[in-house]
Amino acid sequence: GAVLLWLLPSILRVRASMEMAPSSTPCQQSPTSVSCKGVGLRKFPEELGQGIKYLELSNNFIQNLSGSYTPGFGQLEYLDMCFNQLEAVSATALAQLPRLRSLLLGSNHLHRNFLANGEALHQLRNLEILDLSANNLESHMAAWYISSLSSLRELDLSGNRMPRLLSGMFRSNPRLRQLDLSNSYIMEIQEGAFEPLAELEVVNLALNSIHCVSGFSLTQLRVLNLSHNALELFACEEGAEPYLLQVLDLSHNRLLSFPELPRAHDLTHLNLSNNLIASLLPGSHQQDFVLPYKEMGRFNRTGRSVAALTHVADLDLSNNRLELFPFTFFHGLGSLHSLSLARNCLQEVARESLTNATEPGDPSPAPPELPELSVRWLDLHSNALRVLPRWFFSSLPQLETVDLGSNSLQPCEGQGSERGGGLGGGSHVSAPGDTCTPFYNVPGLRHLSLRENNISTLQPFAFNRTPLLSLDLSGNRDLSVPRGALGGLELSLQELSLRGNGMGESEAALPCLGTLRVLDLSGNRLSLLPAGLSCSPLESLDVHNNNLQTLGKLGSWSHSLREVSVAGNPLSCCSLGWLDS
């Protein structure tokens with residue numbers, strides 16, 4: 001008993017230190033930075049204290065922040081308490097953090113005690129970054145939290161419950177530059193909600209329920225995300241001030257026509273994918289669908305939108321209802337480099353006269369007045385195209401990459417000799433622009449996808465004088481690639497996919513492709529590898545799911561090969577000599 005009494009003070013000291021250990025030991029600490037992320041804390045680790053500037057407490061179980069916890073944190077500049085159970089913050093606690101610049105409180109329960117909590121946040125007059133996302137805040141609650149925070153630069157209110165943004169909600173935050181209001185059930189933005197924010201540059205309103213944006217006048221904005229709403233109308237006001245907008249995302253909405261954009265702006269990226277746009281012609285809209293907005297009558301659809309796109313470099317119109325690819329519409333887009341019209345209903349490519357009457361994709365050469373487009377990357381996959389006109393590629397002189405997958409295009413026979421000679425030799429089985437599309441003599445094209453086009457036979461010299469680096473012919477069931485079909489690609493082609501075509505060795509007569517590095521022959525019926533591979537410097541070979549019993553003699557690429565897939569073949573254990581290579 002005497003021994004136990006003698007040891008008792010030591011036992012108590014050890015126990016006291018163990019009670020403090022969960023707050024300090026699991027944390028990663030440097031002289032000015034501490035991370036206690038996800039270590040099971042249930043209270044603020046006040047023993048850390050002096051000199052700490054960066055403190056991460058996210059993913060714990062902290063419920064309150066009281067004044068008794070923060071006396072030693074006067075140097076703190078960054079505090080992350082996201083993903084806790086925080087519901088009470090005292091004014092005394094925050095008053096002891098005069099240098100705090102960034103406060104992250106997302107995914108807590110700050111809808112509770114919001115009046116007292118808001119009073120506490122008003123102590124942080126130097127706060128520049130505030131995260132209040134996913135706190136079940138309503139508009140008036142959020143407005144109360146941010147009132148008096150005049151130094152705020154970045155504000156995250158995403159994931160809350162604010163059906164209506166109130167007028168003057170941000171009047172106390174004149175220096176705000178970035179504002180995230182995504183996924184907050186917003187249906188209405190009252191007039192004047194954003195007007196006090198003269199320095200606002202980035203706004204995220206994605207994943208809400210906004211139906212109409214009319215009279216858009218935030219000329220100072222540079223990035224606006226309105227994707228995943230229910231927009232049927234987007235129109236800007238014309239004024240004396242030019243718009244600084246550079247990125248506009250209107251994807252995943254219900255737009256029926258091209259949005260009304262201001263004439264003066266710096267827009268470079270425009271995303272209109274996943275809407276209901278059926279035509280790009282000026283003045284076009286669906287007559288049988290009447291929008292319930294009086295604002296519709298104020299806008300003059302005379303081609304103003306097209307004239308405003310002179311700086312656009314990236315335009316995404318995929319997943320709409322376009323049936324026509326009108327070249328004239330894109331004529332004014334002198335900076336356009338990337339264009340996607342994938343997953344539409346395109347049936348033809350056409351040019352328009354001044355009366356908007358269309359001339360279908362005829363086989364005649366391009367007239368002198370046909371505009372050239374500056375597009376380098378073009379995505380037309382998953383449409384209903386059966387032929388591209390003869391002038392198509394000549395009107396796209398800078399085109400480097402085109403995806404024409406999942407259409408019904410048949411390449412024409414090219415012009416050339418057995419050695420890929422001049423254009424004077426050879427003949428045309430089909431007239432270009434009639435039932436087939438000419439892919440030969442396109443000197444700028446480098447990457448081409450014709451996957452899933454129901455091509456049955458690849459015509460001779462189909463890509464002659466088109467120095468492709470990559471070619472995708474996969475998914476063309478029962479495709480035949482006879483001798484000479486890839487003529488002209490011997491010195492350029494680096495990647496070739498013939499995957500999933502059900503080809504036997506007689507249908508895969510590959511020439512000597514002297515620069516081929518990557519070859520995909522998977523999903524065919526090959527029992528022998530094409531003989532022409534012997535001179536290709538292959539680095540990657542995929543022949544899985546064929547009928548190969550052996551790879552035979554590997555040729556010169558036995559030294560260059562880095563990756564090979566042979567799964568799903570009936571390989572013979574008596575014919576594994578290729579492994580020695």
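Residues numbered from 1 in each chain as written. Predicted model: local features only at pLDDT ≥ 70, side-chain atom pairs only at ≥ 80, totals over all residues. Heavy atoms only, no water.

Asks: Which residues make up the packing of aromatic side chains, and what values go with them?
Replies: Here the distance between the centres and the angle between the planes together describe a pair of aromatic rings. Under the criterion given, the structure shown has 15 aromatic pairs. Consider the rings of Phe216 and Tyr243, whose centres lie 6.1 Å apart with planes at 25 degrees: the pair is stacked. Separated by 27 residues along the polypeptide, Phe216 in strand 14 (residues 212–216) and Tyr243 in the loop between strand 16 (233–236) and strand 17 (247–249) bring together distant segments of the chain. With 5.2 Å between their ring centres and 85 degrees between their planes, Phe392 and Phe393 make a pair best called edge-to-face. You'll find Phe392 and Phe393 in the same group, each marked buried. Here Arg42 stacks its cationic end above the ring of Phe61, 4.9 Å away from the centre of that ring. (Phe/Tyr/Trp six-rings, centres within 6.5 Å; stacked < 30°, edge-to-face > 60°. Helix = DSSP H or I, 4+ residues; strand = E, 2+ residues; numbered from the N terminus. Buried < 20%, exposed > 50% of the residue type's maximum accessible area, 1.4 Å probe, protein only. Lys NZ or Arg CZ within 6 Å of the ring centre and 35° of its normal.)

Asks: Describe the state of the cysteines, naming the residues involved and giving the relevant values.
Replies: Tallied over the full model, the rule gives three disulfides. What pairs with Cys27 in a disulfide is Cys36, and their sulfur atoms sit 2.0 Å apart. Negative torsions about the S-S bond denote left-handed disulfides, and the value of about 115 degrees found for Cys27 with Cys36 makes this one right-handed. Judged on exposure class, the residue Cys27 and its partner Cys36 are both buried. Disulfide partner of Cys512: Cys535, at an S-S distance of 1.8 Å. Taken together, the positions of Cys512 in the loop between strand 28 (495–497) and strand 29 (518–520) and Cys535 in the loop between strand 29 and strand 30 (540–542) put the pair 23 residues apart, joining distant regions of the chain. What makes Cys512 partly exposed here is its relative accessible area of 40%. Using a relative accessible area of 28% as the deciding quantity, one classes Cys535 as partly exposed. Sequential numbering of the bridged cysteines in the protein gives the disulfide pattern 1-2, 3-4, 5-6. (Disulfide = S-S within 2.5 Å.)

Asks: Quick one: what's the story with the pattern of salt bridges, residue by residue and with numbers?
Replies: For the coordinates displayed, the defined rule picks out eight salt bridges. Notably, a salt bridge pairs Glu539 with Arg517, separated by 3.9 Å at the nearest N-O pair. Of the two residues, Glu539 sits in the loop between strand 29 and strand 30 while Arg517 sits in the loop between strand 28 and strand 29, which places them 22 residues apart along the sequence. Residue classification places Arg517 among the partly exposed positions, given a relative accessible area of 26%. When salt bridges that share partners are traced, they join Glu495, Arg517 and Glu539 into one network. (Salt bridge = Lys/Arg side-chain N within 4 Å of Asp/Glu carboxyl O.)

Asks: Could you give me a rundown of the nonpolar core, with the residues and numbers involved?
Replies: Grouped together as the largest cluster of nonpolar side chains are 145 residues, with contacts concentrated most on Phe170, Phe325, Phe330 and Phe463. Secondary structure elements with two or more residues in this core: helix 2 (91–95), helix 3 (114–121), helix 4 (139–146), strand 14 and strand 16. If sequence neighbours within four positions are ignored, Phe330 has contacts with Leu280, Leu315, Leu317, Phe325, Leu336, Leu339, Leu341 and Leu373. (Core = buried A, V, L, I, M, F, W, Y, C linked by side-chain atoms within 4.5 Å. Contact = heavy atoms within 4.5 Å.)

Asks: Break down the layout of surface pockets for me, with residues and values.
Replies: The volume enclosed by the largest pocket comes to roughly 710 Å³. Around the largest pocket, the lining is made up of 26 residues, and of these Ile189, Gln190, Glu191, Ser214 and Gly215 lie nearest the centre. Within the residue set of the lining of the largest pocket, elements represented by two or more residues are strand 12 (188–189) and strand 14. When residues of the lining of the largest pocket are assigned to their parent elements, the largest contribution, five residues, is made by strand 14. (1 Å grid on protein atoms, 1.4 Å probe; cavity = no way out; pocket = protein on both sides within 12 Å on 5 of 7 lines; lining within 4 Å. Points joined across faces, edges and corners; volume = space filled by probe spheres on them.)

Asks: A description of the side chain of Ser102 should follow, citing residues and the corresponding values.
Replies: Looking at where Ser102 falls in the secondary structure, it is placed in strand 7 (residues 102–104). Discounting residues that sit within four places of it in the chain, Ser102 has contacts with Glu77, Tyr78, Leu79, Leu127 and Ile129.

Asks: Give me the lowdown on the environment of Leu221, citing residues and values where you can.
Replies: Looking at where Leu221 falls in the secondary structure, it is placed in the loop between strand 14 and strand 15 (223–225). Sequence separation between Leu221 and Ala198 is 23 residues; the distance between their C-alpha atoms is 9.1 Å. Beyond its immediate sequence surroundings of up to four residues, Leu221 is in contact with Leu200, Glu201, Val202, Val203, Phe216, Leu244 and Leu245.

Asks: Any chance you could break down the environment of Leu130 for me, citing the residues and the numbers?
Replies: Residue position: Leu130 is located in strand 8 (residues 129–131). Under the relative-accessibility criterion, Leu130 is labelled buried at 1%. Spatially, the C-alpha atoms of Leu130 and Arg101 are 8.5 Å apart, while their sequence positions differ by 29 residues. Excluding its chain neighbours within four sequence positions, the residues that come into contact with Leu130 are Leu103, Leu121, Ile146, Leu149, Leu152, Glu154, Leu155 and Asp156.

Asks: Describe the packing of helix 3 against helix 4, with residues and values.
Replies: Close contact between helix 3 and helix 4 brings their axes to 7 Å; oriented N to C, the two are set at 25 degrees. One finds that helix 3 runs roughly parallel with respect to helix 4. For the pair formed by helix 3 and helix 4, the contact residues are Phe114, Leu115, Asn117, Gly118, Glu119 and Leu121 on the first element and His140, Met141, Trp144 and Tyr145 on the second. Split by residue class, the contact of helix 3 with helix 4 holds six nonpolar, three polar and one charged. (Axes fitted to C-alpha atoms, helices over the stretch in contact; angles between N-to-C directions. Parallel < 35°, antiparallel > 145°, perpendicular 65-115°, else oblique. Nonpolar A, V, L, I, M, F, W, Y, C, P; charged D, E, K, R; others polar.)

Asks: Talk me through helix 3; I want residue IDs and the actual numbers.
Replies: Within helix 3, burial applies to Phe114, Asn117, Gly118, Ala120 and Leu121. Around the axis of helix 3, the buried residues are gathered within 155 degrees of arc, so they sit on the same side. Close packing links the buried residues of helix 3 with strand 6 (88–89), helix 2, strand 8 and helix 4. (Arc of directions from axis to C-beta.)

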